[in-house]
Amino acid sequence: MPLATPRSVPVKNHPLVRKNYVLPTPSIDGFYERVRKCITYGMPGSMLYGHPRFGKTHAIRYVRNMLAAEFPQIVALSFLCWDTTGRSENSFFSHFLQTAGHAQAHTGSNSRKRWRLHNKLLEQVERSGEELLILFADEAQHLSIHEYEWLRDVYNELDLVGIRLLVF
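Conventions we followed
- Residues numbered from 1 in each chain as written.
- Predicted model: local features only at pLDDT ≥ 70, side-chain atom pairs only at ≥ 80, totals over all residues.
- Heavy atoms only, no water.
- Core = buried A, V, L, I, M, F, W, Y, C linked by side-chain atoms within 4.5 Å.
- Buried < 20%, exposed > 50% of the residue type's maximum accessible area, 1.4 Å probe, protein only.
- Contact = heavy atoms within 4.5 Å.
- Salt bridge = Lys/Arg side-chain N within 4 Å of Asp/Glu carboxyl O.
- Helix = DSSP H or I, 4+ residues; strand = E, 2+ residues; numbered from the N terminus.
- Axes fitted to C-alpha atoms, helices over the stretch in contact; angles between N-to-C directions.
- Parallel < 35°, antiparallel > 145°, perpendicular 65-115°, else oblique.
- Left-handed = near helix turned anticlockwise from the far one by under 90°.
- Nonpolar A, V, L, I, M, F, W, Y, C, P; charged D, E, K, R; others polar.
- Pairing = 2+ DSSP bridges.

Peer 1: Explain the nonpolar core to me, and be specific about the residues and the numbers.
Peer 2: Phe92, Phe96, Leu117, Leu121, Leu133 and Val154 are the most contacted members of the largest nonpolar core, which totals 25 residues. With residues up to four places along the chain from it excluded, the contact list for phenylalanine 92 reads Phe79, Leu143, Glu147, Trp150 and Leu151. The next biggest cluster of nonpolar side chains, apart from the first, holds 19 residues, and it includes Ala59, Ile74, Phe136 and Phe168.

Okay, structure coming up:
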């Protein structure tokens, strides 16, 4: 028996079949409200905690989608923090460049990567028309003290050119 109404999405691509959906729980709604409050009041970000496998990554995806709907001009990136033993400035900035969508994320010296990251973030924010960049550091507990310092350096460099970086 044919369907009366044609499907807008094939069954195999439906979010329920692909398990590509997030339902806004009270915790996720609270997360989004915290992000909105930081945007509104100019706070530099916030730390959120959740037990392993409780859906923090899905919550970030939901919040990014909500931000895109409510504040389409704001640039929001999601940076997955890896638990690795070989931490280096080179790998940190390569990963950050890749997150920002830079085509040459894995080439050049540390200082060149820092410079390219700064320019890429500046370009994205200037194109948006806002002076705000939001970074979701997923699994930030994996960052080392050096990686937090490099992230602070990025924050300070953007601040010098009038761009607010909010980190969650």
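Peer 1: Now, about the pattern of salt bridges: what can you tell me, with residues and values included?
Peer 2: As enumerated under the stated definition, the model contains 11 salt bridges in all. The residue arginine 87 makes a salt bridge to aspartate 83 at a minimum N-O spacing of 3.6 Å. Judged by its relative accessible area of 58%, aspartate 83 is exposed. In this structure, arginine 114 and aspartate 153 form a salt bridge, with 3.3 Å as the shortest nitrogen-oxygen distance. Here the residue arginine 114 occupies a position in helix H5 (residues 110-128), and aspartate 153 occupies one in helix H6 (residues 145-160), the gap between them amounting to 39 residues. Each of Glu89, Arg114, Arg152, Asp153 and Glu157 takes part in salt bridges that share partners, so that together they form one network.

Peer 1: How would you sum up the environment of asparagine 20? Please name residues and give values.
Peer 2: Relative to the helices and strands, asparagine 20 resides in the loop between helix H1 (15-18) and helix H2 (26-41). In this structure, asparagine 20 is in contact with Pro15 and Arg61, ignoring residues within four places of it in sequence.

Peer 1: Describe the packing of H5 against H6, and please don't skip the residues or the numbers.
Peer 2: The axes of two packed helices give the description: the angle between them and the distance between them. At a minimum axis distance of 11 Å, the contact between H5 and H6 shows a crossing angle of 50°. Taken together, the axes of H5 and H6 are oblique relative to one another. Judged by the sense of rotation from one axis to the other, the crossing of H5 with H6 is right-handed. Between H5, through Arg114, Leu117, His118 and Leu121, and H6, the contact on the second element is made entirely by Trp150, Asp153, Val154, Glu157 and Leu158. Along the lines of polarity and charge, the residues of the contact of H5 with H6 split into 5 nonpolar, 1 polar and 3 charged.

Peer 1: Residue-level account of unusual backbone geometry, with values.
Peer 2: We note that arginine 53 has phi near 70°; this positive angle belongs to a residue other than glycine. You can see arginine 53 is positioned in the loop between H2 and helix H3 (56-70). Non-glycine residue glutamate 139 carries a positive phi angle of around 65°. Relative to the helices and strands, glutamate 139 is located in the loop between strand E2 (132-138) and H6. For glutamate 139, a relative accessible area of 23% puts it in the partly exposed group.

Peer 1: I'd like a description of the pairing of strand E3 (residues 164-167), backed by residues and values.
Peer 2: Here 4 bridges tie E2 to E3, and the two strands are oriented parallel to one another. Bridge pairing links leucine 132 to arginine 164 in E3.

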